[in-house]
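# Breakdown of the fold
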Amino acid sequence: MSATAVSVWSPKPGLLSEGPRWHEHRQQLLWVDILGRRIHRATLTRDGQPGRIETIELDRDVGVVASAAAGGYVAAGALSFLFVDERGTVTELASLTDAPSGVRFNDGACDARGRFWVGTMAYDKSPDVGALYRLELDGSISTVLTGLTIPNGIGWSPDGAVMYLNDSGAGCLYEFDVDLSTGEPRNRRALVAFEQPGPAPDGLTIDDRGDIWVAVYGGWAVHRYSPDGNFLGAVELPVAQATSCAFGEADRGTLFVTTGREQLDAQAVARQPDAGRVFRVTGLGTRGPGCNPYRGSLTGLAAGWSSAWESR
């Protein structure tokens, strides 16, 4: 990775920027500010810099956003799955009814079938309170896994046979075998364990080779692992709280890394003034896929509430 170049990309920091997603059809980067309650979408200039950035503000914390095949976007906010259309109208698709109090949706992603997988975590990060849920194509919600702490960074191998999931609270990157006929994960096992307490695995992405790129919260870096868990190197960052990463741009060869600044005091922010911004990493010599869209039906939705996409 000697030719790797890291640069600040987004013009403004978020409190907890998370979940970058490359919308390949629109050539658009999506990400959220969880605690700032914002969803961002940006087009890029020819040299990969942010062009037009539009933002919509929600009335709740928002864990993750994904594109929708029918147009617009799906998001997980507080304990509800939401649909956001092109005008900014927000509609609740479904809400959790079995989650304990004091939890919220966190990170997630859509699988190749177009189902939306999202984890939950406790605001106070209590162990074993989190779970992994799935918004099905018919709009129902399935509980996939329980007993997690901070589920993060879900992704799948290029052939779809392996699912990866970080639990930041446990400090572990897990892998699962996937039943290709149903998409269900099974046989959970630890692939990479981080020493606890300490830096923790947060969001992740998988490149076209099958290598796993893990944003390390508190680790000032993104780590790269082979499918068998071998450490292959790191991209060092000038900020501590790397939260997630995704490949993008026209050739899908640039890594976008979201970061946070939550709970940083004034001295810490002075040492890392770009904390909370999105970073752009080039020269990695690999590519990764765009995000899968949610493929569930969005017709006949009840009336939602109006917000607006605003340029910032």
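Here we summarise the structure given alongside this text. (Residues numbered from 1 in each chain as written. Predicted model: local features only at pLDDT ≥ 70, side-chain atom pairs only at ≥ 80, totals over all residues. Heavy atoms only, no water.)

## Details of the pairing of strand S4 (residues 38–44)
Relative to S4, strand S3 (residues 28–33) is paired through six bridges, and the arrangement is antiparallel. Its bridge partner being in S4, Trp 31 is matched across the sheet by His 40. Hairpin remark: S3 followed by S4, antiparallel, with four residues in the connecting loop; positive phi at Arg 37, about 60 degrees. Two strands pair when backbone bridges link them, and S4 and strand S5 (residues 50–57) are joined in this way by six bridges, in the antiparallel orientation. Each bridged residue has a counterpart across the sheet, and for Arg 41 the counterpart in S5 is Glu 54. Following S4, the chain reverses through five residues before pairing antiparallel with S5; Gly 48 in that reversal takes a positive phi of roughly 85 degrees. (Pairing = 2+ DSSP bridges. Helix = DSSP H or I, 4+ residues; strand = E, 2+ residues; numbered from the N terminus.)

## Structural notes on unusual backbone geometry
With an omega of -5 degrees, the peptide bond running from Gln 196 to Pro 197 counts as cis. For Pro 197, the location among the structural elements is in the loop between strand S17 (185–193) and strand S18 (200–206). One non-glycine residue, Asn 187, adopts positive backbone phi at about 55 degrees. Looking at where Asn 187 falls in the secondary structure, it is placed in strand S17. For Asn 187, a relative accessible area of 48% corresponds to the partly exposed category. (Buried < 20%, exposed > 50% of the residue type's maximum accessible area, 1.4 Å probe, protein only.)

## Quick look at the environment of Pro 20
Position of Pro 20 relative to the elements: it lies in strand S2 (residues 17–23). For Pro 20, a relative accessible area of 1% puts it in the buried group. In this structure, the C-alpha to C-alpha distance between Pro 20 and Val 257, residues 237 residues apart in sequence, is 7.2 Å. Not counting residues within four places of it along the chain, the set of residues in contact with Pro 20 comprises Leu 29, Leu 30, Trp 31, Ser 244, Cys 245, Ala 246, Phe 256 and Thr 258. (Contact = heavy atoms within 4.5 Å.)

## Focus: the pattern of salt bridges
Close approach of charged atoms lets side chains of opposite charge pair. Enumeration over the complete set of coordinates arrives at 22 salt bridges. One salt bridge connects Glu 92 with Arg 60, and the closest N-O pair in it is separated by 3.1 Å. Residue Glu 92 is found in strand S9 (residues 89–95), and its partner Arg 60 is found in the loop between S5 and strand S6 (62–67); the two are separated by 32 residues along the sequence. Here Glu 92 falls in the partly exposed class, since its relative accessible area comes to 37%. When the shortest N-O distance is used, the salt bridge between Arg 189 and Glu 175 registers 3.0 Å. One end of the pair, Arg 189, is in strand S17; the other, Glu 175, is in strand S16 (residues 172–178), with 14 residues separating them in the sequence. Counted as one network, the salt bridges with shared partners bring together Arg 26, Arg 41, Arg 52, Glu 54 and Glu 86. (Salt bridge = Lys/Arg side-chain N within 4 Å of Asp/Glu carboxyl O.)

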